[in-house]
Amino acid sequence: MDTLLLARLQFAATASVHFLFVAVTLGLVTLLVGLQTAWVVTGNPRYERLTRFWGQLYVINYVLGIATGIVMEFQFGLNWSGLSRYVGNVFGAPLAIETLVAFFLESTFLGMWIFGWHRLRRGVHLALLYGVMLTAYASAFWIMVANSWLQNPVGYEVRDGVAHLTDFSALLSNPALWMALGHVVSAALLTGGLLMAAISAWHLSRRTPDHALFRTSLRLGLVTAALAISLVQGFGFAQFGPVGALQPTKFDGNPEADALIADWTARFGAGDYLPPVLANVGLGFMILIGFALGLLWLLVPLLWRDWIIRLRFPLWLIMLSLPLPFVALILGWIAREVGRQPWVAYGLLPVEQAVSPISPWLMATSLIGFTLLLGTLAVTNWVLLARHAARGAADPALGRPPAQPPADDDTRPEPAFA
Amino acid sequence: MEFAWYALLGLFFAGYLVLGGYDYGVGLLLARGTDPAYRRAALAAVGPFFLGNEVWLVAAVGILFGAFPMLEGELLAGSYPAVATALTGVILVTAGVQLRSRPDSGRARARWDRVIVVGSLLAALGWGVVLAGLLQGVPLGPDGHVAGVTHLFTPFAAATGLALVTLVAAHGATFLTLRMPAAEGDRLRPLARRLIASAIVAVTAATVVGLLSDRVRAAAQRPLVGVLLTVLLIGALLAARAALGRRRPGVAFTATAVALALPVLLVGATLWPYVLVSTIEPAASLTVTDAAASAATLRLLGWLAVPLLPALLGFQAMCWWIFRGRTDGRALVYW
């Protein structure tokens, strides 16, 4: 067995599962902020019910985002100790910032948001959700800064074989960063929007008694998804230029790639410096899915006079298209990540130098154990999500008023620390 | 500069052991009794703090990666089985607590509660072994890599793992006496006192095994500090037990919190100026300065992260303040 292959498989498995959940987290929290803002501004109880229903699904989905995220964070040290040894000075900084200013605050805010219903003033409660959203976007930003550095190392110099940070602003103006960030964030909005539209469509197709409620979220979800798919396409195609220039070996053969491979062969020795074919096949499929989802725009005019609901078949189209963004997310990451093989940091650190020098048996045990664990949890989580989505908005546990307070309201004990 | 970051790393990891520690302690206590209402009430006591507790670990590992990249890879990969055990536990607890009340059936909830119990056990055990692994030195070769993982399997590591399990159990029980409704808290007091007593026994046992271990004696740079801090730890536990006897759960919880933070200080201070002491090649030992990132990186992190530190701690404090006091009929139940 090959430790390197096992470590790569484990990272691919964890990162893929992680991405399926965090994309929904990012997309859904944005819509949720809109719903709760509408509730606070208008005072319309329909928006409160919408916030509770979609908030509950958001919170269930969030669990696996954290779980897989923590495993990823540890995996850098467990399986890729060379990564921190050789490029940790540069690559570690954005990751450290992400955990401190984004992940840490996001969870703190979310805990207060879940338990703050009926306890905090509405404005404070809403502000917490804004905090959750902003830190979620900050998280996406810093992770993409780190990832873009691996795609295109900048702002460093190598001394004694170790990369040292010289110019942090170069990391922020990395040409591999901004278009990719826009692409990923709009893909998350697309996923969140389509999930909202599809679940609403399911309820509407079954003639739910909550017609008005799900009509609202269908419209919100569909319009968001339609706007997002155009952004996804725009940012996606805008990436071909810069990525092709930065990573000549990523796409099909060209003269620049041949020159680069000759240079690498001289510096790092002979080897296979072309990524596996898999990366580009996936890219093709992803682009097909992107075009297919562009047809969502055809459904938008049907929102007029609720034709989308009255005709019924558009609802089914929306439901059937739900898996597409998830498949595209995975394929997109495969194109980006497998496409830079055999490098961890493109042209700087080959994967075989970055992998931890541990026995293949240990790595295999870890791969099987964590993949089974996260796989089982992911499936369980989706089952729970589906059940709660199907149950409808009658009475979600999130934001349910606490049990009737005791008759004498002032019997609440003093804080024990006092 | 390196020292400040090392202290910050210690602060976040110790914070995690204190805060995550009572999560795991409460988790372990779910094993006792089959009364679903009690289990739900115990989880409601942890309720609003749960999500904010575990992220102290995430932040600690973030600092480890950003400020001590050399240490990060060797520590985690070099203690692979222990870290993987702890990580499995962390994942099981985080998923178990947040998902256990989402199914409606009592059977499914009971199954999730068993997941939480196992997860809490694994997390405490794993982190105990990681700390012991540091204290007993690692086979760090001249190439800078830790050779193999069998160095972890020693009586001292086992005793320390066990000691941390009893510590979190005692800490969790003390937390519940402080936070659950007064009647329930009173009922838990004898159990908490018993658990603190067993933690004292386990910590003493681990200390004796450690003092008898050649590797620990060789790795300790300041053995006296180590012994002193251990005495302090046991003193904190005794104080906690006495405070529970006098119905002062707030004082008792503070004391068990100190007892959970001390192991981190103990490891850091006993090994200082080293962070990884090599058992095979003295010259290969890694000092805190060598393990730290280069000055430019530390400066950057200092400018970007440190100004936000008050906000991080402030929002955590806000959470503790909003949800202070005992849980009662008006407390929201969600987990």
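Scroll up for the structure.
Residues numbered from 1 in each chain as written. Chains lettered and ligands numbered in written order. Predicted model: local features only at pLDDT ≥ 70, side-chain atom pairs only at ≥ 80, totals over all residues. Heavy atoms only, no water.

A. Here's a closer look at the overall build of chain B. In terms of helices and strands, chain B carries 14 helices and 2 strands. On C-alpha atoms alone, chain B measures out to a radius of gyration of 20 Å, which is about the 20 Å that the 2.2 N^0.38 rule sets for 335 residues. Counting across all 335 residues of chain B, residues that qualify as buried make up 64%. At a minimum sequence separation of 6, the contacts of chain B that also span at least 24 residues come to 81%. Carbon and sulfur atoms provide 70% of the accessible area of chain B, an area that totals close to 11800 Å². If you average the places of the 25 positive and of the 15 negative side-chain charges in chain B, the two averages end up 15 Å apart. (Helix = DSSP H or I, 4+ residues; strand = E, 2+ residues; numbered from the N terminus. Rg over C-alpha atoms; globule rule 2.2 N^0.38 Å. Buried < 20%, exposed > 50% of the residue type's maximum accessible area, 1.4 Å probe, protein only. Contact = heavy atoms within 4.5 Å. Areas by Shrake-Rupley, 256 points an atom, 1.4 Å probe, with all protein chains shown as cover. Lys, Arg positive; Asp, Glu negative; His and termini not counted. Charge placed at Lys NZ, Arg CZ, Asp CG, Glu CD.)

B. Looking closely at the interface of chain A and chain B. Across the boundary between the two partners, chain A contributes 79 residues, which contact 75 residues of chain B. Of the roughly 6900 Å² buried between chain A and chain B on both sides combined, carbon and sulfur atoms contribute 77%. Counting the surface chain A buries against chain B, the share from its top three residues, Phe74, Phe104 and Phe115 of chain A, is 12%. At the junction of chain A and chain B, the tally comes to 2 salt bridges. In this structure, Glu74 of chain B and Arg85 of chain A form a salt bridge, with 2.9 Å as the shortest nitrogen-oxygen distance. Put simply, the parts of the chain that give the side of chain A that touches chain B at least two residues each are helix H2 (45–79), helix H3 (81–115), helix H4 (122–151), strand S2 (162–165) and helix H15 (360–391) of chain A. Of the residues forming the side of chain A that touches chain B, the biggest block, 25 residues, is contributed by H3 of chain A. Residue composition of the side of chain A that touches chain B, grouped by class: 51 nonpolar, 21 polar and 7 charged. (Buried area = accessible area lost by both parts, 1.4 Å probe. Salt bridge = Lys/Arg side-chain N within 4 Å of Asp/Glu carboxyl O. Nonpolar A, V, L, I, M, F, W, Y, C, P; charged D, E, K, R; others polar.)

C. Fine view of the packing of aromatic side chains. According to the stated counting rule, one finds 41 aromatic pairs over all chains in the structure shown. Ring centres 5.7 Å apart and planes at 80 degrees place the aromatic pair Trp149 of chain A and Tyr156 of chain A in the edge-to-face group. Sitting above the plane of the Tyr38 of chain B ring, Arg32 of chain B keeps its charged end 5.0 Å from the centroid. Sitting over the face of the ring of Trp321 of chain B, Arg324 of chain B holds its NZ or CZ atom 3.8 Å from the ring centroid. (Phe/Tyr/Trp six-rings, centres within 6.5 Å; stacked < 30°, edge-to-face > 60°. Lys NZ or Arg CZ within 6 Å of the ring centre and 35° of its normal.)

D. Structural view of helix H2 (residues 36–46) of chain B. Residues and elements named next belong to chain B. Those residues of H2 not exposed but buried are Tyr38, Arg39, Ala42, Leu43, Ala44, Ala45 and Val46. Contacts from the buried residues of H2 go to helix H1 (2–29), helix H3 (50–67), helix H5 (80–99), helix H6 (106–135), helix H7 (155–179) and helix H8 (182–212). Between the side-chain oxygen of the N-cap and the backbone nitrogen of Ala37 there are 3.1 Å, and the N-cap of H2 in question is Asp35. (Polar contact = N/O pair within 3.5 Å; in protein donor to acceptor, adjacent residues only side chain to side chain.)

E. Main features of the packing of H1 of chain B against helix H14 (residues 309–322) of chain B. Residue and element names in this part refer to chain B. One way to put it is that H1 packs onto H14 with a least axis distance of 14 Å and a crossing angle of 15 degrees. Put simply, H1 runs roughly parallel to H14. Relative to H14, H1 is oriented so that their crossing is left-handed. Counting all contacts with H1, which are made through Leu8, Phe12 and Leu19, the residues of H14 involved are Leu309, Leu312, Gln316 and Trp320. By residue class, the composition of the contact of H1 with H14 is 6 nonpolar, 1 polar and no charged. (Axes fitted to C-alpha atoms, helices over the stretch in contact; angles between N-to-C directions. Parallel < 35°, antiparallel > 145°, perpendicular 65-115°, else oblique. Left-handed = near helix turned anticlockwise from the far one by under 90°.)

F. Here's a closer look at the pattern of salt bridges. Applying the stated criterion to the full structure yields 16 salt bridges over all chains. For Arg219 of chain A, the salt bridge is made with Asp306 of chain A, and the minimal N-O distance between the two is 3.2 Å. Of the two residues, Arg219 of chain A is situated in helix H7 (residues 211–246) and Asp306 of chain A in the loop between helix H10 (296–299) and helix H11 (307–310); the sequence distance between them amounts to 87 residues. Taking relative accessible area as the criterion, Arg219 of chain A reaches 27% and is therefore assigned partly exposed. Take Asp306 of chain A: its relative accessible area is 16%, and that puts it in the buried class. A salt bridge links Asp113 of chain B to Arg100 of chain B, with the shortest nitrogen-to-oxygen separation between them at 2.7 Å. You can see Asp113 of chain B sitting in helix H6 and its partner Arg100 of chain B sitting in the loop between H5 and H6, a full 13 residues away along the chain. Taking the relative accessible area as the measure of exposure, Asp113 of chain B reaches 2% and is therefore buried. Among the charged side chains, a salt-bridge network with shared partners connects Arg52, Asp395 and Arg400 of chain A.

G. Seen up close, the side chain of Arg326 of chain B. Residues and elements named next belong to chain B. If you trace the backbone, Arg326 turns up in the segment after H14. Comment: no salt bridge for buried Arg326; closest opposite-charge side chain is Asp186, at 6.2 Å. Within the structure, Arg326 has its side chain in polar contact with the backbone oxygen of Thr177 (distance 2.8 Å).

H. The arrangement of the environment of Ser101 of chain B in detail. Residue and element names in this part refer to chain B. Note that Ser101 resides in the loop between H5 and H6. Of the residues examined, Ser101 reaches a relative accessible area of 3% and is grouped as buried. The residues contacting Ser101, other than those within four sequence positions of it, are Arg40, Arg109, Tyr334 and Trp335.

I. Main features of the pairing of strand S1 (residues 156–159) of chain A. Residue and element names in this part refer to chain A. Both S1 and S2 contribute to a ladder of 4 bridges, which runs antiparallel. What sits directly across from Tyr156, in S2, is Leu165. What sits between the antiparallel neighbours S1 and S2 is a turn of 2 residues, in which Asp160 has the positive phi angle 50 degrees. (Pairing = 2+ DSSP bridges.)

J. Just a nonpolar patch on the surface, in detail. Residues and elements named next belong to chain A. The grouping of Trp304, Trp307, Leu311, Phe313 and Leu317 at the surface amounts to a nonpolar patch, some 540 Å² of accessible area in total. As for its placement among the helices and strands, Phe313 is situated in helix H12 (residues 313–321). On the basis of relative accessible area, Phe313 is assigned to the partly exposed category, the value being 49%. (Patch = residues over 30% accessible without salt bridge, like charges linked within 9 Å, V, L, I, M, F, W, Y side chains within 5 Å.)

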